[in-house]
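# Remarks on the overall topology
Read off the chains here:
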Amino acid sequence: MEDKEYDTVIVFFFTKIAPVGWSSVAVQFYRQHCYVFDGKLYEMHSKLPIIRRGDMFQAIMSVHISLDGQHLDEDETKKRLVQNSSLLNAETEVRQFIEGCRPCLKSRIQV
């Protein structure tokens with residue numbers, strides 16, 4: 001979720017005032033699908049935190065590298081990411097991250 005949207009949703013939950021430009025559908029969507037706990041936005045169904053765009057790199061990096069320092073493949077990275085956070089476009093975000101990962105790129109070139 002884009003940082004500005006994320007912050008706007010959090011303010012909405014604290015103030016209970018819909019931002020200018022929000023439709024009743026948007027208000028209803030966020031009320032039904034999200035909640036705020038400890039200053040963070042969570043997805044209602046999964047109870048997992050929603051990742052802000054500005055935190056995306058760190059969130060993916062934290063699950064892409066295993067405890068023994070190995071870089072995980074796209075499928076395993078995505079699997080670990082969605083176990084810990086709510087991200088609608090996890091597949092695309094993880095693929096783009098791995099395409100830009102230098103150690104992963106080097107290992108693909110050497111093979």
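### What about the pairing of strand β2 (residues 40-43)?
As paired elements, strand β1 (residues 34-37) and β2 share four bridges and run antiparallel to each other. Within the sheet, the bridge partner assigned to Y35 lies in β2 and is Y42. The antiparallel pairing of β1 with β2 creates a hairpin that spans two residues between the two strands, and D38 there sits at a positive phi of about 55°.

### Some words on the pattern of salt bridges
If the charged atoms of two oppositely charged side chains come close together, the side chains can form a pair. The full count for this structure, using the stated rule, is six salt bridges. R52 is the partner of D7 in a salt bridge, and the nearest nitrogen-oxygen pair spans 2.8 Å. Placement of D7 in helix α1 (residues 3-15) and of R52 in the loop between β2 and α3 (56-64) is noted, with a sequence separation of 45 residues between them. D7 gets classed as partly exposed once you look at its relative accessible area, which sits at 33%. Using a relative accessible area of 22% as the deciding quantity, one classes R52 as partly exposed. Ionic pairing is found between E99 and R95, a salt bridge with its closest N-O pair at 3.9 Å. Of the two residues, E99 and R95 are both situated in helix α5 (residues 90-99); the distance of four residues between them amounts to about one turn of the helix. A relative accessible area of 49% means that E99 is categorised as partly exposed. Assessed through its relative accessible area of 32%, R95 is described here as partly exposed.

### Examining the layout of surface pockets
When its volume is computed, the largest pocket comes out at roughly 350 Å³. If you go around the largest pocket, you meet 15 residues; those closest to its centre are M1, F29, I50, S86 and L88. A total of three residues in the lining of the largest pocket trace back to one element, the largest contributor, which is helix α2 (residues 24-33). Here the lining of the largest pocket is composed, by residue class, of eight nonpolar, four polar and three charged. Here the second largest pocket is characterised by a volume of approximately 210 Å³. Class assignment for the residues of the lining of the second largest pocket results in five nonpolar, two polar and three charged.

What counts, and at which threshold
Residues numbered from 1 in each chain as written. Predicted model: local features only at pLDDT ≥ 70, side-chain atom pairs only at ≥ 80, totals over all residues. Heavy atoms only, no water. Pairing = 2+ DSSP bridges. Helix = DSSP H or I, 4+ residues; strand = E, 2+ residues; numbered from the N terminus. Salt bridge = Lys/Arg side-chain N within 4 Å of Asp/Glu carboxyl O. Buried < 20%, exposed > 50% of the residue type's maximum accessible area, 1.4 Å probe, protein only. 1 Å grid on protein atoms, 1.4 Å probe; cavity = no way out; pocket = protein on both sides within 12 Å on 5 of 7 lines; lining within 4 Å. Points joined across faces, edges and corners; volume = space filled by probe spheres on them. Nonpolar A, V, L, I, M, F, W, Y, C, P; charged D, E, K, R; others polar.

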